[in-house]
Amino acid sequence: MIGIFDSGLGGLSVLAAIARKLPAADLIYLADTAHLPYGNKEDGYIRSRVLQIGRRLVDDGCGVIVVACNTATAAAVAAFREHFPELAVVGVEPGVKPAAAQSRSGRIAVLATESTARSERLAELIRQHAGSVRVHVEACPGWATRVETLHLDDPHFAAEARQHLTPLLECGVDQIVLGCTHYSFLAPVLQPIVDQRAALVDVAEAVARQCVRLAGTAALGSGRLTLLATAHPERLQAALPALGLGWLRHRLCSAARLIVA
Ligand code: DGL
């Protein structure tokens, strides 16, 4: 069994990529909706949530866990691995490495939550993989919560996104890293703003490939999907078609369930 979790809907972008690559795997998606957003919380809080959720997924039989959240990975994946040494753990980190490799202008941007933006882990990722380019780290408060509302076509949000992106584009950024899994669902709003001037870099496919490499026998099951949430499970399930993931409903074995974790 493979467990995938996030604060809310964002990790569904990663779930979808994994579900496509591993049609027979049994998957659990857990949304920690009662505690979202993670991006404006202290590291200690995020760590304690991540460990609680890890315990729950292990108790449910997961041998592979995907931390489908850049914020949780930055704040807590080291503690998570230490706490659950028997697990295969896949974290999600902003695609700084591919963006730096693909940049022709030598300027890239990372859009992320406040927590990820200030994290030492992102600073280290940039030092390791983007030494030869200029990296603009842009915190985007409220964007993950915007995805949770599913009102993605709100013109006020498009105007706010333009305000963030225009200065980056004007200074020559040609790769924009979506450094929060929620932001994958904002691509239809962001793409027309960046137009041909920059590429949006999303790591969901790369994370799914890593999950395939580590899955082992967890890839072999009956292709069932279980949805769990710490609040409003019905919203999690209703979000699937709203986010273009209605096809995942065929893998559901029961209605999304509320859990205490
Ligand atoms: N989806 C998450 C991430 O990748 C967290 C968003 C949030 O809860 O603030 O960072």
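As recorded in an unreviewed UniProt entry, the protein goes by Glutamate racemase and comes from Candidatus Accumulibacter adjunctus. In its Pathway (unreviewed entry) section, UniProt records this for the protein: "Cell wall biogenesis; peptidoglycan biosynthesis." According to its UniProt record, the protein has this under Catalytic activity (unreviewed entry): "L-glutamate = D-glutamate".

Asker: Got a sec to walk through the environment of H35? Specific residues and values, please.
Answerer: Residue placement: H35 occurs in the loop between β2 (27-31) and α2 (43-59). In this structure the C-alpha to C-alpha distance between H35 and R162, which are 127 residues apart in sequence, comes to 28 Å. Beyond its immediate sequence surroundings of up to four residues, H35 is in contact with K41, Y45, R49 and T230.

Asker: Report on the sheet that holds strand β9 (residues 225-229), specifying residues and quantitative values.
Answerer: Spatial ordering of the open sheet is given by β4-β3-β1-β2-β9-β10, a layout of six strands whose pairing is parallel. One side of each edge strand has no neighbouring strand; the edge strands of this open sheet are β4 (88-90) and β10 (257-258). Two elements, strand β1 (residues 2-6) and β2, share five bridges in a ladder whose sense is parallel. What sits directly across from I2, in β2, is L27.

Asker: So what about the packing of aromatic side chains? Which residues, and what values?
Answerer: The description of an aromatic ring pair rests on the distance of the ring centres and on the angle between the ring planes. Applying the stated criterion to the full structure yields four aromatic pairs. Relative to F80, the ring of F5 lies with its centre 6.1 Å away and its plane at 45 degrees, an arrangement referred to as tilted. A residue pair is termed long-range when its members are at least 10 positions apart, and F5 in strand β1 and F80 in helix α3 (residues 70-83) qualify at 75 residues. On the basis of relative accessible area, F80 is assigned to the buried category, the value being 0%. When the ring of W143 is compared with that of F157, the centres are 5.2 Å apart and the planes differ by 80 degrees; the resulting orientation is edge-to-face. Of the two residues, W143 is situated in helix α7 (residues 143-149) and F157 in helix α8 (residues 155-170); the sequence distance between them amounts to 14 residues. The exposure classification of W143 matches that of F157, with both residues buried. An aromatic cluster of at least three residues, connected via ring pairs, comprises F5, F80 and F84.

Asker: An account of the UniProt feature "active site" (unreviewed entry) in the protein is requested, with residue identities and associated values reported.
Answerer: The UniProt record annotates "active site" (unreviewed entry) at C69 and C180. Spanning 112 residues, the annotated positions come together in the fold, the maximum distance between their C-alpha atoms being 6.5 Å. In this structure, C69 sits in the loop between β3 (64-67) and α3. Take C69: its relative accessible area is 4%, and that puts it in the buried class. If you trace the backbone, C180 turns up in the loop between β7 (175-178) and α9 (187-194). Assessed through its relative accessible area of 6%, C180 is described here as buried. Ignoring anything within four residues of it in the chain, the contact list for C180 reads N70, L111, T113 and A144.

Asker: Would you mind going over the UniProt feature "binding site: substrate" (unreviewed entry) in the protein in detail, with residue names and values included?
Answerer: UniProt annotation of "binding site: substrate" (unreviewed entry) refers to D6, S7, Y38, G39, N70, T71, T181 and H182 when read in the numbering used here. These annotated residues cover 177 residues of sequence, and their C-alpha atoms lie no more than 11.9 Å from one another, placing them together at a single site. Taking the annotated residues in turn, N70 line the largest cavity. Looking at the secondary structure, you find S7 in the loop between β1 and α1 (12-21). On the basis of relative accessibility, which here comes to 5%, the residue S7 falls in the buried class.

Asker: Before we move on, could you go through the side chain of R146 and cite the residues and values that matter?
Answerer: Checked against the element boundaries, R146 lands in helix α7. Looking at R146, its side chain comes within polar contact range of the side chain of D154, at 3.1 Å. Beyond its immediate sequence surroundings of up to four residues, R146 is in contact with H151, L152, D154, F157 and L186.

Calculation criteria
Each chain carries its own residue numbering, running from 1 in the written order of its sequence. Restriction of local features to residues with pLDDT of at least 70 applies here, the model being predicted, together with a cutoff of 80 or more for giving and counting side-chain atom pairs; totals for whole chains, interfaces and linings are based on all residues. As a rule here, side-chain values come from all non-hydrogen atoms in the structure, and water together with hydrogens is ignored. UniProt positions are given in the numbering used here, feature names are shortened, and annotations may be inferred rather than shown by experiment. The helix and strand labels rest on DSSP assignments: H or I over at least four residues marks a helix, E over at least two residues marks a strand, and numbering proceeds from the N terminus. In this description, contact between two residues means that some pair of their heavy atoms is separated by no more than 4.5 Å. Two strands pair if DSSP finds at least two bridges between them. For Phe, Tyr and Trp, rings pair up if their centres lie within 6.5 Å, where Trp contributes its six-membered ring, and each pair is then called stacked (planes under 30 degrees apart), edge-to-face (over 60) or tilted (otherwise). Three labels apply to residues, based on accessible area from a 1.4 Å probe with only protein chains included: buried if under 20% of the type maximum, exposed if over 50%, partly exposed otherwise in between. Put plainly, a pocket is an open set of points on a 1 Å grid over the protein atoms alone with protein on both sides within 12 Å along at least five of seven lines, a cavity is a set where a 1.4 Å probe fits but cannot get out, and a lining residue has an atom within 4 Å of a point. Residues adjacent in sequence count toward polar contacts only when both atoms are side-chain atoms; beyond that, a polar contact is any pair of N or O atoms within 3.5 Å, and within protein one must be able to donate a hydrogen and the other to accept it.

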